[in-house]
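# Remarks on the overall topology
Read off the chains here:
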Amino acid sequence: MAMAATSLSNLPSALFHGNLQRNEFGSVGMRRQPTKDLKSNLRAPVVRCQSTEVDGPKTKRNLLDNASNLLTNLLNGGNLGSMPIADGAVSDLFGRPLFFALYDWFLEHGSVYKLAFGPKAFVVVSDPIVARYILRENALGYDKGVLADILEPIMGKGLIPADLDTWKQRRRVIAPGFHALYLEAMTKVFTDCSERSILKLEKLLGEGELQEDKTIELDMEAEFSSLALDIIGLGVFNYDFGSVTKESPVIKAVYGTLFEAEHRSTFYIPYWKVPLARWIVPRQRKFHSDLKVINDCLDGLIRNARETREEADVEKLQQRDYLNLKDASLLRFLVDMRGVDVDDRQLRDDLMTMLIAGHETTAAVLTWAVFLLAQNPSKMKKAQAEIDLVLGKGRPTFELLKGLKYIRLIVAETLRLFPQPPLLIRRALKLDTLPGGYNGDKNGYAIPAGTDIFISVYNLHRSPYFWENPQEFEPERFQVKKASEGIEGWDGFDPSRSPGALYPNEIVSDFSFLPFGGGPRKCVGDQFALMESTIALAMLLQKFDVELRGSPESVELVTGATIHTKGGLWCKLKRRSQVN
């Protein structure tokens, strides 16, 4: 349940929405890797993605760039300070996702730079030292800014868009709900829902010896989306969407709301704020209709939970026999918590936030894990060998999940290469000074109150300064200790720094790996999401061999709140010929 969904408003839509023929991901990463010379020279040639080059006469692009630069200098020239400025390639943004251009400029301008377009300027951070400062060391000096503006109509005062005061109150209530016994019980939910998906695929393949070599083609992104929705429904508010096998008005409304959330994160002008827009614009009429269907459903679930409330202290709630509870949902925990008489509207906002954030991101992680494994058959076989050894023909359990070490590393490596979301957004609440970061200004960078900041998780995860072979799919990398190599202020990567952790995190990487953010506003459902992804992936590979239907280049990428495909991840599935 990745509670870090992002949104990028108030920039031209070309900055955040585009499609990309994936030939720059021939194996995994960019078409051309940064050389080691970059470690001593941030002004090295910029890495470009071949398929994202802008078509059209160069003169037209120069005119556009010059006009943008002139406006920027007039409106921001006296307020940019000593920070490097990426102000000369607005045309590079057209036709590809924003985070690719941010990566190019990161290699050209450094760990902290200003991205300026006319009246608006943003600080882009691609450095773990600076990210650690913003997310942990001075976390309360920043709020969600633009992100909150976009998501408030959908998630209200849920954890993601909430103001700091509301966030402090709700975090103290919600975080204890993701305790060890709850997560252990959720293993059964993950397994049951995944088994429904597996049975659906087996039915499509048919039965009998004649069907052993049969292959089916289907969109695995759509299958994972249905699976993730069912898991969130049962695990968070004890509601079975059943979306793997059926369609209902609630399911249609959920997807409609998800599409609208993404639309708002990728559209330049917030026209939905215009008076009467919700009644005049057909898209907005449908959105509010969908929202009402979901809210009515959630209100009913909250009402039922309150009618059967069994109030108890947090400690007692965490000691319940969750494996045998008829309702082990997070909603049950929140309603039963003594001394927390939150109103139904806030509970609904909390549930809506978890529904939106926890569904989209998990589906994306599973999609890209299969995309990567399909291009690396030897790693898929290695994963299947581990599954056969640990699970055999049985179902995963919480204890057996601990033995799926390589599968867990695959999930982590997928999140490194395809972070969900690729950007985190913050806004400075008061005047502050950011650290300079690696090869930055030793005196740091002063930023005024109200400055919008993009923490580029994508850049952090593919940085040539903090990762070896950053563009390659190497799950094994998380087992290897990496020294800081003289980078002042960064402690390197050390798996032993977080003993007992099932998955790599921001602690072992000293903020160079941020799949769920970091600091006090880190995702509260990170372990839920990671375990869910691990079990779903293991159960798929336990039964099936998977290939891409076409070439990797045929898979188009689009971004909004998450990185996902444009037309689905179409794969060929067949039963594994040998399963121990």
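Residues numbered from 1 in each chain as written. Predicted model: local features only at pLDDT ≥ 70, side-chain atom pairs only at ≥ 80, totals over all residues. Heavy atoms only, no water.

## Comments concerning helix α3 (residues 128-137)
For α3, the tally of buried residues reaches 8 of 10 residues, placing the bulk of the element in the interior. Burial in α3 covers these residues: Pro128, Ile129, Val130, Ala131, Arg132, Tyr133, Ile134 and Leu135. Where α3 begins, the side chain of Asp127 points an oxygen toward the backbone nitrogen of Ile129, at a separation of 2.8 Å. (Buried < 20%, exposed > 50% of the residue type's maximum accessible area, 1.4 Å probe, protein only. Helix = DSSP H or I, 4+ residues; strand = E, 2+ residues; numbered from the N terminus. Polar contact = N/O pair within 3.5 Å; in protein donor to acceptor, adjacent residues only side chain to side chain.)

## What about the packing of aromatic side chains?
Evaluated as defined, the whole model comprises 26 aromatic pairs. Consider the rings of Trp368 and Phe371, whose centres lie 5.2 Å apart with planes at 90 degrees: the pair is edge-to-face. A residue pair is termed a helical-turn pair when its members lie 3 or 4 positions apart in one helix, as Trp368 and Phe371 do in helix α13 (residues 344-374) at 3 residues. Accessibility assignment for this pair places Trp368 and Phe371 in one class, buried. The interplanar angle of 45 degrees and the centroid separation of 5.3 Å between the aromatic rings of Tyr438 and Tyr465 together place this pair among those described as tilted. Remark: Tyr465 occurs in the loop between α17 (457-461) and α18 (526-543) and Tyr438 occurs in the loop between β8 (432-434) and β9 (445-447); sequence separation between them is 27 residues. Ring pairing ties together the aromatic residues Phe99, Phe100, Tyr103, Phe106, Tyr438, Tyr458, Tyr465, Phe466 and Trp490, which thus form one cluster. Stacked on the ring of Tyr503, the Lys or Arg Arg408 has its end atom at 6.0 Å from the ring centre. (Phe/Tyr/Trp six-rings, centres within 6.5 Å; stacked < 30°, edge-to-face > 60°. Lys NZ or Arg CZ within 6 Å of the ring centre and 35° of its normal.)

## Re unusual backbone geometry
Geometrically, the link from Gln420 to Pro421 is a cis peptide bond, its omega value of 10 degrees lying close to zero. With respect to the helices and strands, Pro421 occurs in the loop between α16 (405-417) and β7 (423-428). Although it is not a glycine, Asn238 sits at a positive phi angle of roughly 55 degrees. Looking at the element boundaries, Asn238 is found in the loop between α7 (220-237) and α8 (249-266). Backbone geometry places Asp510, a non-glycine residue, at a positive phi of 50 degrees. Its location among the elements puts Asp510 in the loop between α17 and α18. According to the relative accessible area criterion, Asp510 is buried, its value standing at 6%.

## Focus on a nonpolar patch on the surface
A grouping of Leu276, Trp279 and Ile280 is seen on the molecular surface, where their side chains present a nonpolar patch of about 380 Å² in accessible area. Given a relative accessible area of 55%, Trp279 falls into the exposed group. (Patch = residues over 30% accessible without salt bridge, like charges linked within 9 Å, V, L, I, M, F, W, Y side chains within 5 Å. Areas by Shrake-Rupley, 256 points an atom, 1.4 Å probe, with all protein chains shown as cover. Salt bridge = Lys/Arg side-chain N within 4 Å of Asp/Glu carboxyl O.)

## Some details on the packing of α7 against α13
α13 packs onto α7 with a crossing angle of 145 degrees between their chain directions and a minimal axis gap of 8 Å. Crossing hand, α7 versus α13: right-handed. In this structure, α7 contributes Glu221, Phe224, Ser225, Ala228, Leu229, Ile232, Val236 and Phe237 to the contact, and α13 contributes Leu351, Met354, Leu355, Gly358, His359, Thr362, Ala363, Leu366, Thr367 and Val370. Counted by class, the contact of α7 with α13 contains 12 nonpolar, 5 polar and 1 charged residues. (Axes fitted to C-alpha atoms, helices over the stretch in contact; angles between N-to-C directions. Left-handed = near helix turned anticlockwise from the far one by under 90°. Contact = heavy atoms within 4.5 Å. Nonpolar A, V, L, I, M, F, W, Y, C, P; charged D, E, K, R; others polar.)

## What about the pairing of β7?
Judged by how many residues are buried, β7 sits mostly within the fold: 5 of 6 residues are covered. Across 5 bridges, β7 lies against strand β10 (residues 452-456) in antiparallel orientation. Bridge assignment links Ile425 to a residue of β10, and that residue is Phe454. (Pairing = 2+ DSSP bridges.)

## Quick look at the pattern of salt bridges
Counted according to the given criterion, the structure contains 38 salt bridges. The partner of Arg170 in a salt bridge is Asp350, with the nearest N and O atoms 2.6 Å apart. Of this pair, Arg170 sits in helix α5 (residues 164-174) while Asp350 sits in helix α13, and the two are 180 residues apart along the sequence. With a closest N to O distance of 2.8 Å, Asp296 and Lys292 form a salt bridge.

## Details of helix α4 (residues 146-155)
For an α-helix, 3.6 residues make a turn, and residues three or four places apart therefore share a direction. Summarising burial for α4: 7 of the 10 residues are buried, a large majority. Where α4 is concerned, the buried positions are Val146, Leu147, Ala148, Ile150, Leu151, Ile154 and Met155. Positive backbone phi, approximately 60 degrees, marks Gly156, located one or two places after α4.

## Quick word on the environment of Arg395
Along the chain, Arg395 turns up in the loop between α14 (377-390) and α15 (398-403). Looking at Arg395, the relative accessible area reads 32%, which means it is partly exposed. Those residues in contact with Arg395, other than ones at most four positions away along the chain, are Lys188, Thr191, Asp192, Glu195 and Leu400. Side chain to side chain, Arg395 and Asp192 meet in a polar contact 2.7 Å long. A distance of 2.9 Å separates a polar atom in the side chain of Arg395 from a polar atom in the side chain of Glu195.

## Let's talk about the confidence of the model for the chain
Mean pLDDT over the chain stands at 82; residues scoring 70 or higher make up 81%. For the chain, per-element mean pLDDT is lowest for strand β1 (residues 19-21), which scores 35, and highest for α16, which scores 98. Low pLDDT (under 50) marks residues 3-61, which in the prediction has 189 contacts with non-local residues, meaning those over four places away or in another chain. (pLDDT = per-residue confidence, 0-100.)

## Some remarks on the side chain of Ser243
Note on placement: Ser243 falls in the loop between α7 and α8. There is a polar contact of 2.8 Å between the side chain of Ser243 and the backbone oxygen of Ser226. In this view, Ser243 contacts Ser226, Leu229, Asp230 and Ile251; residues no more than four positions away in its chain are not counted.

## Side note on the environment of Gln346
Looking at where Gln346 falls in the secondary structure, it is placed in helix α13. Take Gln346: its relative accessible area is 11%, and that puts it in the buried class. For the pair Gln346 and Arg170, spaced 176 residues apart in the sequence, the C-alpha separation amounts to 9.0 Å. Residue contacts for Gln346: discarding those within four places in its chain leaves Lys157, Gly158, Thr166 and Arg170.

## Some details on the nonpolar core
Counting residues in each nonpolar core, the largest one holds 152 residues, and the members touching the most others are Leu537 and Leu573. A per-element tally of this core places α13 first, with 18 residues. Filtering out sequence-adjacent residues up to four positions away, Leu573 remains in contact with Leu201, Leu205, Lys214, Thr215, Ile216, Leu218, Met220, Leu540, Phe544, Asp545 and Val546. Counting 21 residues, the second largest nonpolar core, distinct from the first, contains Met83, Val112, Val125 and Leu460. (Core = buried A, V, L, I, M, F, W, Y, C linked by side-chain atoms within 4.5 Å.)

## Some thoughts on the sheet that holds strand β14 (residues 570-575)
Each strand in a sheet pairs with another by means of backbone hydrogen bonds, the pair being arranged parallel or else antiparallel. Taken in spatial order, the 3 strands of this open sheet run β6-β14-β11, and their pairing is antiparallel. With one partner strand each, in any of the chains shown, β6 (216-219) and β11 (544-548) form the two edges of the open sheet. With strand direction ignored, the average angle separating the axes of adjacent strands in the sheet is 35 degrees. Where β6 meets β14, 4 bridges bridge the pair, whose relative direction is antiparallel. Bridge assignment links Ile216 to a residue of β14, and that residue is Leu573. Against the sheet, α7 engages β6 and β14, with an angle of about 60 degrees to β6.

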